Amino acid sequence: MKIAITADLHLRNSGEHPERYNALQNIFEQTTAESIEHLIIAGDLFDKDFHDYSEFEALCKKYSKLQLHIIPGNHDPNISGKRIVGNNIQIYTAPTVIEIDSTTLLFIPYEEKVSLGEKIAEKEVQIVGKNWILVAHGDFYEGVKEQNPQEPGVYMPISRKDLDRFNPRIVLLGHSHQPLSQGKVHFPGSPCGLGINDKGKRSFLVYDTSDENIFPRVVNTDILFFDESFIIVPADNELDFLQQEIKKRIEFWNIDPSDYAKVRVRVKAVGYATDRGTIQAALKQGFEKFKYFNDEGPMIDELSVSLDHQLAAIAEQTTKLIDELDWAFGGDEPTKDQVKIAALSIIYKD
Ligand SMILES: [Mn+2]
């Protein structure tokens, strides 16, 4: 049997954000086409301070064979079966163990100021010794440090220790809008980008109870956000370099030209150039097939001009050395681009 998982839709009125309902509908369509009968929504189905559930109820009615298993997240902590009604809608407002086709699932709704471990412990007798699946909404300690830059702080965390103690087969978490799979812990991420931080193609997950595999499925979204930043170092070939880099970035998006109209891109040049105008023109031309996020256009306010050849030579060598450095950039360390920008600001004495 297959179970689909999504989270963090942050629904508001469809007039305001039709793309979020369309993403959910696309998940309903894909799961129905695959004869999947259960969809888990692991929190933040609705956005903060939003209480109009009628459009969601109407959509669920249209897919009556799909059973929805929903937990509240930190944005919608008060949703319940009293507020949201439908034959195929189940909202777990307290830690609940259920069996679907002999698979044991523990649903834990989001709660402030407690850890997931404390809540799992309350249900330990019902899951001990079982091959069970945890569904919750919060942070994973061993995950990427700042998974959700919009929501700093710690949200109902689960730690490696909790995983060792309670030993779930698989952990399905909402909260991080970025998809992440790390060992047995899986965040499906938002199935529709909510803003410029939710980049690229979005997906939901499908878990197969027969072989215990979990795989993403791409959601056909109305909008695709991308955020591209280019570090410029003054050089005779700065323009060539930028043009090639733009091509690479767009290729890396891995999207079909028929989806180009969905793109909302942020484009930024930082560092030092011999000619800011040329750089701006190259960015414009390189991304001419795409719409900009908030119509903002290419940004060059963090790009300065330097005509000093000696500094340019030092900058070129330094960035090359950083490129070749055998170092675990990212995660708990600064990214490669952050290191380059810091180096440039030392060279150019900002
Ligand atoms: Mn959340």
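Presented here is an overview of the structure given in this document. (Residues numbered from 1 in each chain as written. Predicted model: local features only at pLDDT ≥ 70, side-chain atom pairs only at ≥ 80, totals over all residues. Heavy atoms only, no water.)

## Some words on the coordination of the manganese ion
- For the manganese ion, the protein coordination sphere consists of Asp 44 (OD), Asn 74 (OD1), His 137 (NE2) and His 175 (ND1), at 2.1 to 2.3 Å.
- Donor residues for the manganese ion, ordered by position in the chain, follow D-x29-N-x62-H-x37-H. Within this pair, whereas Asp 44 is found in the loop between strand 2 (38–42) and helix 2 (54–62), its partner His 137 is found in strand 7 (residues 132–137), the two being separated by 93 residues in sequence. For the pair formed by Asp 44 and His 137, the shared burial category is buried. (Donors = N, O, S within 2.8 Å, 3.2 Å for Na, K, Ca; no water. Helix = DSSP H or I, 4+ residues; strand = E, 2+ residues; numbered from the N terminus. Buried < 20%, exposed > 50% of the residue type's maximum accessible area, 1.4 Å probe, protein only.)

## Some words on the side chain of Asp 47
- With respect to the element layout, Asp 47 can be found in the loop between strand 2 and helix 2.
- Within the structure, Asp 47 has its side chain in polar contact with the side chain of His 10 (distance 3.0 Å). (Polar contact = N/O pair within 3.5 Å; in protein donor to acceptor, adjacent residues only side chain to side chain.)

## With respect to the sheet that holds strand 10 (residues 185–187)
- Pairing is mixed in the open sheet, where six strands are placed in the order 5-6-7-8-10-9. Here the strands that pair on one side only, and so sit at the sheet edges, are strand 5 (96–100) and strand 9 (180–182). The average angle at which neighbouring strand axes cross in this sheet is 20°, direction not considered.
- Of the pairings in the sheet, the one linking strand 8 (residues 170–174) to strand 10 comprises two bridges and is parallel in character. Within strand 10, the position partnered with Val 171 by the bridge is Val 185. (Pairing = 2+ DSSP bridges. Axes fitted to C-alpha atoms, helices over the stretch in contact; angles between N-to-C directions.)

## Describing helix 7 (residues 276–286)
- Listed as buried for helix 7 are Ile 279, Ala 282 and Leu 283. Down the axis, helix 7 shows its buried residues gathered within 100° of arc, on one side only.
- Buried-residue contacts for helix 7 involve strand 13 (224–232), helix 6 (238–253), strand 14 (263–273), strand 15 (291–292) and strand 16 (299–305).
- Between the side-chain oxygen of the N-cap and the backbone nitrogen of Gly 277 there are 3.0 Å, and the N-cap of helix 7 in question is Asp 275. (Arc of directions from axis to C-beta. Contact = heavy atoms within 4.5 Å.)

These results come straight from atomic positions and should not be treated as a statement about function.
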